[in-house]
Amino acid sequence: MINVIRSNVCVLALISMLALGTTSAFSKDRILRADTGSPGGSAHTATVVLGKVLGSKLGFTLQVNDKQTLTRSALKLGRGQLDWFPFPTTVYFLMTKGKGPYKKEPMKTKALELSKNLRSIWGWSANIFHFVTFKTDEIKTFQDLKGKSIYTGPPSGAAAVISESIIKAVTGYKPNVDYKAVRLPWGGGLQAMLDGKLDVFARPCALGCAILDQLGMKSKYRLLDVGQESALKKWSKHPARVIDKIPAGVYKAQVNNDKNLVGAGTTFLIALNKTNISNDLAYKMTKATWDNLDEIHKSAKTLATIKKETPFTGVNMPLHMGAVKYYREVGIKIPKRLLPPEAK
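Residues numbered from 1 in each chain as written. Predicted model: local features only at pLDDT ≥ 70, side-chain atom pairs only at ≥ 80, totals over all residues. Heavy atoms only, no water.

Caption draft 1: Representation of the state of the cysteines. In the structure shown here, the tally under the stated rule is one disulfide. Linked covalently through their sulfurs, Cys-205 and Cys-209 form a disulfide whose S-S length is 2.1 Å. Like Cys-209, Cys-205 is buried. (Disulfide = S-S within 2.5 Å. Buried < 20%, exposed > 50% of the residue type's maximum accessible area, 1.4 Å probe, protein only.)

The following block contains the structure:
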């Protein structure tokens, strides 16, 4: 059962499930809190699906606040104002280095301190950055972006930093020097593209995501191909970044859908507040994920990249002790870099 409560501030999705047994160490009425991005994005899909699947198995209610900027949500998770949410790998990197949206004081000090309260349970390759243009005859390659107006992401989010870094890696172009970088909230950026106010729209999402289908209802579009993987070799050394591909024929509205395209992607991980989530609950969340992976995959095709064979994809955050217990029990080797201080 999914209950949706609407307010003038946000949409709170209350995913209410009954516990399947009586041995749970926590109440079936317990409410967990999570932030997520806009509908259609990987973070939103993962939050809703995991809330439904894990909630049904473990007996918790998930309160979801969507359309959030996840760099800000990361700080809320560190403060204990949230319990868990799908966390972009690059955001944890920026928090622990005091870079990007966290580079100025007092934000830098807060980010460094709050990052110590974060723990993970698993990760996956979540997104490919799709560079979309309706100007299919005028803009055919990344080199054609010079002088163009490009939506790169929300003002204070990591997505804009990444999309701009991809453009620079491929072309050497700098934002607001060689092209106009437009930063708006996700919904505002999409609407600006649909209204014809942009030349290119950059959007990270999983393969086959609904946002690309929504754009296709407006007009045929071209997806830009990174070209040779060597262009992103240095770029992809960052722990949050991967080189991937967009297979031919994924999107009906794509004019160049007759061949595979090289794409740049990013990873996500499931992050918890180490104090709010007990070792017992973290253990059960980890176990329930891998025991019910088929159900997760069937719930959303965009989550097909979640794989038990590679549970630490994109994970650069220490594991929760509950997750450590699970992986040790099933014989999955844990990289030393992911063991939390409390496990050493």
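Caption draft 2: Structural detail: the pattern of salt bridges. Here the structure, examined in full by the defined rule, presents ten salt bridges. The salt bridge partner of Glu-113 is Lys-116, with a shortest N-O separation of 3.5 Å. (Salt bridge = Lys/Arg side-chain N within 4 Å of Asp/Glu carboxyl O.)

Caption draft 3: The arrangement of the environment of Leu-50 in detail. When you line up the elements, Leu-50 lands in helix H1 (residues 42-58). Among the residues examined, Leu-50 registers a relative accessible area of 1% and is labelled buried. In this structure the C-alpha to C-alpha distance between Leu-50 and Leu-70, which are 20 residues apart in sequence, comes to 17 Å. When near neighbours in sequence (up to four residues on either side) are disregarded, Leu-50 contacts Gly-55, Trp-84, Trp-122, Ile-270 and Ile-296. (Helix = DSSP H or I, 4+ residues; strand = E, 2+ residues; numbered from the N terminus. Contact = heavy atoms within 4.5 Å.)

Caption draft 4: Main features of the packing of helix H2 (residues 70-79) against helix H4 (residues 107-114). Here H2 crosses H4 at 55 degrees, and the two axes come no closer than 9 Å. Here H2 is positioned oblique relative to H4, judged by the angle of their axes. The hand of the H2/H4 crossing is left-handed. Two secondary-structure elements touch here, H2 through Leu-75, Gly-78 and Arg-79 and H4 through Met-107, Ala-111 and Leu-114. Counted by class, the contact of H2 with H4 contains four nonpolar, one polar and one charged residues. (Axes fitted to C-alpha atoms, helices over the stretch in contact; angles between N-to-C directions. Parallel < 35°, antiparallel > 145°, perpendicular 65-115°, else oblique. Left-handed = near helix turned anticlockwise from the far one by under 90°. Nonpolar A, V, L, I, M, F, W, Y, C, P; charged D, E, K, R; others polar.)

Caption draft 5: Representation of the nonpolar core within the structure. Of all hydrophobic cores here, the largest spans 62 residues; its most connected members are Phe-87, Met-95, Trp-122, Trp-124, Met-285 and Tyr-327. Those residues in contact with Trp-122 that lie beyond four places of it in its chain are Leu-50, Leu-269, Ile-270, Thr-289, Trp-290, Ile-306, Pro-311, Val-315 and Tyr-327. With 23 residues, the next largest nonpolar core counts Ala-159, Cys-209, Ile-211 and Ala-253 among its residues. (Core = buried A, V, L, I, M, F, W, Y, C linked by side-chain atoms within 4.5 Å.)

Caption draft 6: Local environment of unusual backbone geometry. Residue Pro-106 is bonded to the preceding Glu-105 through a cis peptide linkage, with omega at 5 degrees. In this structure, Pro-106 sits in the loop between helix H3 (89-97) and H4. Here the phi dihedral of Lys-67 falls at roughly 60 degrees; this positive angle occurs in a residue that is not glycine. Position of Lys-67 among the secondary structure elements: in the loop between strand E4 (61-65) and H2. Despite not being glycine, Asn-176 shows a phi value in the positive range, around 60 degrees. Exposure remark for Asn-176: the relative accessible area of 55% places this residue in the exposed category.

Caption draft 7: Representation of the packing of aromatic side chains within the structure. Taken as a whole and assessed by the stated rule, the structure comprises ten aromatic pairs. One aromatic cluster in this structure is built from Trp-122, Trp-124, Phe-268 and Trp-290. Arg-203 extends its terminal NZ or CZ atom over the ring of Trp-186, reaching a point 3.9 Å from the ring centre. In this structure, Lys-325 packs its charged tip against the face of Tyr-283, placed 4.7 Å from the ring centre. (Phe/Tyr/Trp six-rings, centres within 6.5 Å; stacked < 30°, edge-to-face > 60°. Lys NZ or Arg CZ within 6 Å of the ring centre and 35° of its normal.)

Caption draft 8: View of the side chain of Thr-89. Within the secondary structure layout, Thr-89 lies in helix H3. With relative accessibility at 0%, the residue Thr-89 sits in the buried group. In terms of polar contacts, Thr-89 uses its side chain to reach the backbone carbonyl oxygen of Gly-314, at 2.7 Å. In this view, Thr-89 contacts Pro-239, Ala-240, Thr-267, Phe-268, Leu-269, Gly-314 and Asn-316; residues no more than four positions away in its chain are not counted. (Polar contact = N/O pair within 3.5 Å; in protein donor to acceptor, adjacent residues only side chain to side chain.)

Caption draft 9: Expanded view of the pairing of strand E7 (residues 149-153). The buried fraction of E7 amounts to five of the five residues, a majority that puts the element mostly inside the structure. As paired elements, E7 and strand E8 (residues 180-183) share four bridges and run parallel to each other. What sits directly across from Ile-150, in E8, is Ala-181. Crossover connection from E7 via helix H5 (residues 158-171) to parallel E8: handedness right-handed. As defined by bridge partners, E7 adjoins strand E9 (residues 200-205) across two bridges and the pair is classed as parallel. (Pairing = 2+ DSSP bridges. Right-handed = clockwise from strand over helix to strand, strands pointing away.)

Caption draft 10: Fine view of the environment of Trp-290. Within the secondary structure, Trp-290 is located in helix H8 (residues 279-291). Through-space distance from the C-alpha of Trp-290 to that of Leu-75 is 28 Å; in sequence the pair is 215 residues apart. Aside from chain neighbours lying at most four places away, what touches Trp-290 is Trp-122, Ile-306, Lys-307, Lys-308, Pro-311, Tyr-326 and Tyr-327. Side chain to side chain, Trp-290 and Tyr-327 meet in a polar contact 3.2 Å long.

Remember, this is a structural readout, not a statement about activity or role.
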